[in-house]
Amino acid sequence: NLIVARSAGKAWGMAGFRIGFSASSPQINASLHKVRPMYEIGSVSAAVFARMLDYESEMLASVRRLEEGRKYFVSEAKKLGFFLPKTYGNFQLVKFGAAEDQVHQLLSNVAYYRKSFDEPCLRGYSRISLASRETMEFIMRELRDGLREE
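Fair warning: this is a prediction, and the values are worked out from it, not measured in the lab.

Undergrad: Help me understand the packing of aromatic side chains, please; the structure alone is not making it clear to me.
TA: Any two aromatic rings considered together are summarised by their centre-to-centre distance and by the angle between their planes. For the coordinates displayed, the defined rule picks out three aromatic pairs. Taking 4.9 Å as the distance between ring centres and 90° as the angle between the ring planes, the aromatic pair formed by Phe82 and Phe96 counts as edge-to-face. Here Phe96 lies in the loop between β3 (91–94) and α4 (100–107) and Phe82 lies in the loop between α3 (56–79) and β3, a separation of 14 residues in the sequence. Assigned by exposure class, Phe82 and Phe96 land together as buried. Ring plane angle 50° and centroid distance 6.4 Å describe the contact between Phe83 and Tyr125, whose orientation is recorded as tilted. Taken together, the residues span a long stretch of sequence, with Phe83 in the loop between α3 and β3 and Tyr125 in the loop between α4 and β4 (126–129) at a distance of 42 residues. The exposure class assigned to Tyr125 is buried, which follows from its relative accessible area of 12%.

Undergrad: Looking at this structure, I do not really get the pattern of salt bridges. What am I missing?
TA: A pair can form between side chains of opposite charge whenever their charged atoms are brought close. Applying the stated criterion across every chain, the model contains six salt bridges. Here Asp54 makes a salt bridge to Arg51, at a shortest N to O gap of 3.2 Å. The partner of Arg144 in a salt bridge is Glu76, with the nearest N and O atoms 3.2 Å apart. Residue Arg144 is found in helix α5 (residues 133–149), and its partner Glu76 is found in helix α3; the two are separated by 68 residues along the sequence. Take Glu76: its relative accessible area is 14%, and that puts it in the buried class. In the salt-bridge network here, residues are joined through shared partners; they are Glu76, Lys79 and Arg144.

Undergrad: Where do I start with α5 in this structure?
TA: Count 3.6 residues to each turn of an α-helix, and residues three or four apart come out pointing the same way. Between its first and last C-alpha atoms α5 spans 24 Å; for 17 residues at 1.5 Å apiece the expected length is 24 Å, and the two agree. Along α5, the residues that are buried comprise Met136, Ile139, Met140, Leu143 and Gly146. The buried residues of α5 all sit within an arc of 135° when viewed along its axis, so they share a single face. Relative to its buried face, α5 has exposed residues pointing more than 90 degrees away, namely Glu134, Arg148 and Glu149. Residues of α5 that are buried sit in contact with α3, α4 and β4.

The rules behind these values
- Residues numbered from 1 in each chain as written.
- Predicted model: local features only at pLDDT ≥ 70, side-chain atom pairs only at ≥ 80, totals over all residues.
- Heavy atoms only, no water.
- Phe/Tyr/Trp six-rings, centres within 6.5 Å; stacked < 30°, edge-to-face > 60°.
- Helix = DSSP H or I, 4+ residues; strand = E, 2+ residues; numbered from the N terminus.
- Buried < 20%, exposed > 50% of the residue type's maximum accessible area, 1.4 Å probe, protein only.
- Salt bridge = Lys/Arg side-chain N within 4 Å of Asp/Glu carboxyl O.
- Expected span 1.5 Å × (residues − 1).
- Arc of directions from axis to C-beta.
- Contact = heavy atoms within 4.5 Å.

Next comes the structure, spelled out in structure tokens:
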């Protein structure tokens, strides 16, 4: 009873195409087929994704850039006393703690991110989309400078 689901989003540079796929046993696939939307992917999206499969090395380089950005961001954010659980997607959850309001004010003109969640298990967390180390350095510089001023 295993389903492996993958998205062709950020790593392939195709987030707007909303393309993903899954792999599982024939029995599970048959059940999934019964509940899938009728037109879940357009012909243009399918053609573009098929072409993108020829560029695996570029996709892997993109993933490495995001992971470098994550590694830097996590390390620097922890130095500021923020809590960051281990995540595996193209985003990082962050608990800013007592600095939450100040951080949201500092980031309001710097980054587009999800400030909060209604779900009880995510209450107090923000969701930061990952980017290159250079971009994450800019975000951290704005946070450090802003927090120092206060």
